[in-house]
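# Observations on the model geometry
These are the residues of each chain, in order.
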Amino acid sequence: MSLCLFFPLAFIAVADAAVQYHAVIVGISDYEGTEYDLNYCDDDAWAVYDKLLESTAWAETNMEQILDSSATKTNIQAAVQRMASRADADDVCLFYFSGHGSFATDTAPFDETDGYDECMCPYHLYTNQILDDELYNWLNALPTNQ
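All of these numbers come straight from a predicted model, not from anything done at the bench.

### Concerning the side chain of Asp90
Within the secondary structure layout, Asp90 lies in the loop between helix H2 (73–86) and strand S5 (92–105). For the buried Asp90, no salt bridge is present, and the opposite-charge side chain at shortest range is Arg86, 15 Å distant. Within polar-contact distance, the side chain of Asp90 engages the backbone nitrogen of Ala18 at 3.0 Å.

Dropping the structure here:
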């Protein structure tokens, strides 16, 4: 079973007073094969990207967009790691995902009351899904105080 999910997350903290804005924006409409393609998720990613650029706070150099076949688990994780390496504690970091979501049997840490981890489905859809616990760990590595 799959569903279309949006995961906009922002983390803010205080540090050197030179606030910069960083983003990883993922949109997948064209999944591997054609059976589970979506209509507008890549368009959603473009809309978020363009909307952010309307503000002088956001710069293309601090934003990474990953679309369709490029949106593998490896590429998404690497982009979040690059964002973490560039940001400091007072920066704003945004992660946005538009694409299929699903669930899988809860794995350690066993923390789901319903017995299922939620997950995002990268380009390969049913292989290398990004579990909610994994995403938490990736985003927890951002240099924020929250």
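### Some remarks on the nonpolar core
One finds Val24, Val26, Ile66, Ile76, Phe95, Phe97 and Leu135 to be the most contacted residues of the largest nonpolar core, which totals 23 residues. Listed by contribution, the elements that provide at least two residues to this core are strand S3 (21–27), H2, S5 and helix H3 (132–140). Considering every element that reaches this core, the biggest residue donor is H2, with five residues. If you look at the next biggest cluster of nonpolar residues, it comprises eleven residues, including Ala23, Ile25, Val48 and Leu94.

### Notes on the pairing of strand S4 (residues 58–67)
As paired elements, S3 and S4 share six bridges and run parallel to each other. Following the sheet pairing, Val24 is matched in S4 by Glu64. Between the parallel elements S3 and S4, the chain passes through helix H1 (residues 41–53) in a crossover that is right-handed.

What counts, and at which threshold
- Residues numbered from 1 in each chain as written.
- Predicted model: local features only at pLDDT ≥ 70, side-chain atom pairs only at ≥ 80, totals over all residues.
- Heavy atoms only, no water.
- Helix = DSSP H or I, 4+ residues; strand = E, 2+ residues; numbered from the N terminus.
- Buried < 20%, exposed > 50% of the residue type's maximum accessible area, 1.4 Å probe, protein only.
- Lys, Arg positive; Asp, Glu negative; His and termini not counted.
- Salt bridge = Lys/Arg side-chain N within 4 Å of Asp/Glu carboxyl O.
- Polar contact = N/O pair within 3.5 Å; in protein donor to acceptor, adjacent residues only side chain to side chain.
- Core = buried A, V, L, I, M, F, W, Y, C linked by side-chain atoms within 4.5 Å.
- Pairing = 2+ DSSP bridges.
- Right-handed = clockwise from strand over helix to strand, strands pointing away.

Read these as spatial facts, not as claims about activity.
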